[in-house]
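# What the coordinates show
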Amino acid sequence: ADTASHQRLPWDNVFHIDPAGCEDVDDIFCWRTDGEHTVFAIGIADVAAWVAPDSEADRAAAARGQTLYVEGAVVDPMLPTELSARAASLRSDGAERPVVALVYVLKDDAVVSHSWHTLLVQVQKTYTYESVMEDKETCKKLQECLQAVTGKDVGSDSHVWVEQAMVEYN
């Protein structure tokens, strides 16, 4: 991957929430406490770091337009499996990978600032929608961060948290 423009930032927690067995992990959450601020990020795999503009892979992905799933399993990937489920997948396997992140600075449950960054991240934890519920501290912090950035109650359903994060990011 071309990561020359990506920066490394310190994080207290970097993780993803996906269905069990998911291999094409494309989004992550991360945060750190920085004095009286919390820095919170929603990151998406930076495919552009892996796929050159107008390359064969880029043209094929544009023609497909999406990855197709049946009951949570990939049946027609937008990108070659070598990328989507391996090299570019944001799995917690110790590898550092590029993301495009929407980064927020929060103070007292309010957004102080937000900005876009290209980052290199090492995902620390993998959660399923069910297993994340066992990590009460992570759930509480994620709810707080998402409520601050969306301005609304995000409830207690991990599916909704990921959905709200993707809506906010997009």
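Residues numbered from 1 in each chain as written. Predicted model: local features only at pLDDT ≥ 70, side-chain atom pairs only at ≥ 80, totals over all residues. Heavy atoms only, no water.

A few words on helix H3 (residues 136-150). An α-helical turn contains 3.6 residues, so any two residues separated by three or four positions project in the same direction. Its 15 residues place the ends of H3 21 Å apart at the C-alpha level, agreeing with the 21 Å of an ideal helix rising 1.5 Å per residue. Residues of H3 that are buried: Thr138, Cys139, Lys141, Leu142, Cys145, Leu146, Ala148, Val149 and Thr150. Phi turns positive one or two residues past the end of H3, at glycine 151, with a value near 75°. (Helix = DSSP H or I, 4+ residues; strand = E, 2+ residues; numbered from the N terminus. Expected span 1.5 Å × (residues − 1). Buried < 20%, exposed > 50% of the residue type's maximum accessible area, 1.4 Å probe, protein only.)

This part covers the sheet that holds strand S2 (residues 13-17). By way of backbone hydrogen bonds, the strands of a sheet pair with one another, either parallel or antiparallel. Strand order in the open sheet formed by seven strands is S1-S8-S7-S4-S3-S2-S9, and the pairing between neighbours is mixed. Of all the strands in the sheet, the pair left with one neighbour each is strand S1 (7-8) and strand S9 (125-127). Two strands pair when backbone bridges link them, and S2 and S9 are joined in this way by three bridges, in the parallel orientation. When the sheet's bridge partners are listed, phenylalanine 15 is paired in S9 with lysine 125. (Pairing = 2+ DSSP bridges.)

Time to look at the pattern of salt bridges. Inspection of the entire model under this criterion finds seven salt bridges. Residues joined by salt bridges that share partners form a network here, namely Arg91, Asp93 and Arg97. (Salt bridge = Lys/Arg side-chain N within 4 Å of Asp/Glu carboxyl O.)

Another point: a nonpolar patch on the surface. On the surface, a cluster of nonpolar side chains totalling about 250 Å² of accessible area is made up of Leu68, Val70 and Val75. Taking the relative accessible area as the measure of exposure, valine 70 reaches 47% and is therefore partly exposed. (Patch = residues over 30% accessible without salt bridge, like charges linked within 9 Å, V, L, I, M, F, W, Y side chains within 5 Å. Areas by Shrake-Rupley, 256 points an atom, 1.4 Å probe, with all protein chains shown as cover.)

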